[in-house]
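A closer look at the structure
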Amino acid sequence: MTDTTRTLQPKPWISGIAPYVPGKSAGADGRPLVKLSANENPLGTGDKARAGFAEAAGELSRYPDPGAAALREAIAAKYGLDPARVIYGTGSDELLHLATSAFAGPGDEVLYVRYGFAVYEIAARRVGATPVEAPDRDYATDVDALLAAVTDKTRVVFLANPNNPTGTLATREEVARLHAGLPGDVLFVLDQAYAEYLEPHEDDGGLDLARTASNVFVTRTFSKIHGLAAERIGWGYASGAVIAALHKIRAPFNVTRCGQAAAIAALGDDDFVERSRTHNAKWRQWLADEIESLGNHGLRVVPSATNFLLVLFDGAVTAETMNQRLMDAGYIVRWLPGQGLPNALRMTIGTEEETRGLAAAIRAALAD
């Protein structure tokens, strides 16, 4: 006889997941706001990527190339890689989930630094693994703390470099030391979503490691500097064995036809990338200086290598209060209590007009 008293329940590790909360683009009343909460490129999308997208849109009835051969070849040519070892995904987020799914499960541990990207905990819990946070060093990666947290249950170590949401950057030497201290059966995932915003001397050497090490997986995205966030295109590079494992669980046709075409075109638009990098560096420094001048109000900027600033509020005006006052003024940034940062706001670098307006709104909010 069927037991009708029993109810359907998800696995307990699924019940423990706090869903990822994306940055808002409107106020509580639905009023459109200046969106500085999602780290999008304020210059939009380059002309070459737009043209590539438009050309591919003529064949919307056709499935995309499931092997993304042309995209893999373009990425490999750009960075001097083996195209057979390039994988592609629905943003780099899918690749982070694939890495955890392939190499961790119940009874295993997934390690990352405190204030790391929110998806790492979700990816760990999704497969029944235990998420483990290592202490930070003043909001930056502490290599010694990460290595001290490694156990015989550790299977995946995530490092966002530069880090989201803090903006901090681990050096090439620190990345190499972290990798050297990990057991060979631990997958080291270097999440480089903001790598294109770095100057050449700031490169952390991740791709060099991935070329030779069997347990390094580097991920990147077209969502940030390339301005293709709407198309959700990510890519990664690792040893042949790692890539083969990820392909076994990758969704088929996961990168759209138009997305592939736009990404290929974006790789050839060095002028747009350089313009975006230059704009970001100028206005990130300008905004940081403006906020640092308000230090007597208890504001502090964490040094950033990304297209955003993490601003700490330790004075009379709290981060929560500032967040609301900025929304009232027409600007939306990212308040981060869910990531253990209730005293912080993450602010994307916008256009010149948006950045100047945000700074003025912050000053006005502190004067209230």
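Residues numbered from 1 in each chain as written. Predicted model: local features only at pLDDT ≥ 70, side-chain atom pairs only at ≥ 80, totals over all residues. Heavy atoms only, no water.

Residue pairs spaced three or four apart in an α-helix point in one direction, given the helix's 3.6 residues per turn. When we look at burial in helix H3 (residues 69-79), the residues that qualify are Leu71, Arg72, Ala74, Ile75, Ala76 and Tyr79. Where the residues of H3 are buried, they touch strand E2 (86-90), helix H8 (206-212), strand E7 (216-221), strand E8 (233-237) and helix H10 (257-267). Downstream of H3 by a residue or two, Gly80 has a phi angle that is positive, lying close to 70°. (Buried < 20%, exposed > 50% of the residue type's maximum accessible area, 1.4 Å probe, protein only. Helix = DSSP H or I, 4+ residues; strand = E, 2+ residues; numbered from the N terminus. Contact = heavy atoms within 4.5 Å.)

The next point concerns the packing of helix H11 (residues 270-292) against helix H13 (residues 352-367). One can describe the packing of H11 onto H13 by two numbers: an axis separation of 10 Å at closest approach and a directional angle of 10°. By the angle between their directions, the pair H11 and H13 is classed as roughly parallel. The residues of H13 that touch H11, namely those facing His279, Trp283, Trp286, Leu287, Glu290 and Ile291, are Glu352, Thr355, Arg356, Leu358, Ala359, Ile362 and Arg363. Residues that form the contact of H11 with H13 fall into these classes: seven nonpolar, two polar and four charged. (Axes fitted to C-alpha atoms, helices over the stretch in contact; angles between N-to-C directions. Parallel < 35°, antiparallel > 145°, perpendicular 65-115°, else oblique. Nonpolar A, V, L, I, M, F, W, Y, C, P; charged D, E, K, R; others polar.)

What follows is about the pattern of salt bridges. The final tally for this structure, using the stated rule, is 16 salt bridges. Ionic pairing is found between Arg172 and Asp208, a salt bridge with its closest N-O pair at 3.5 Å. Separated by 36 residues along the polypeptide, Arg172 in helix H7 (residues 172-180) and Asp208 in helix H8 bring together distant segments of the chain. Its relative accessible area of 36% is what places Arg172 among the partly exposed residues. Across the pair Glu352 and Arg356 runs a salt bridge whose closest N-O atoms are separated by 3.1 Å. Note that Glu352 and Arg356 are positioned in helix H13 at a spacing of four residues, about one turn of the helix. Given the relative accessible area of 38%, Glu352 is considered partly exposed. (Salt bridge = Lys/Arg side-chain N within 4 Å of Asp/Glu carboxyl O.)

Pairing within the open sheet is mixed, and its seven strands lie in the order E2-E8-E7-E6-E5-E3-E4. Two strands lie at the open edges of the sheet, namely E2 and strand E4 (130-134), each paired on one side alone. Across the sheet, the mean angle separating the axes of adjacent strands is 25° when strand polarity is ignored. Across five bridges, the pairing between strand E5 (residues 154-160) and strand E6 (residues 187-191) is parallel. Residue pairing in the sheet places Val157 in a bridge with Phe188 of E6. (Pairing = 2+ DSSP bridges.)

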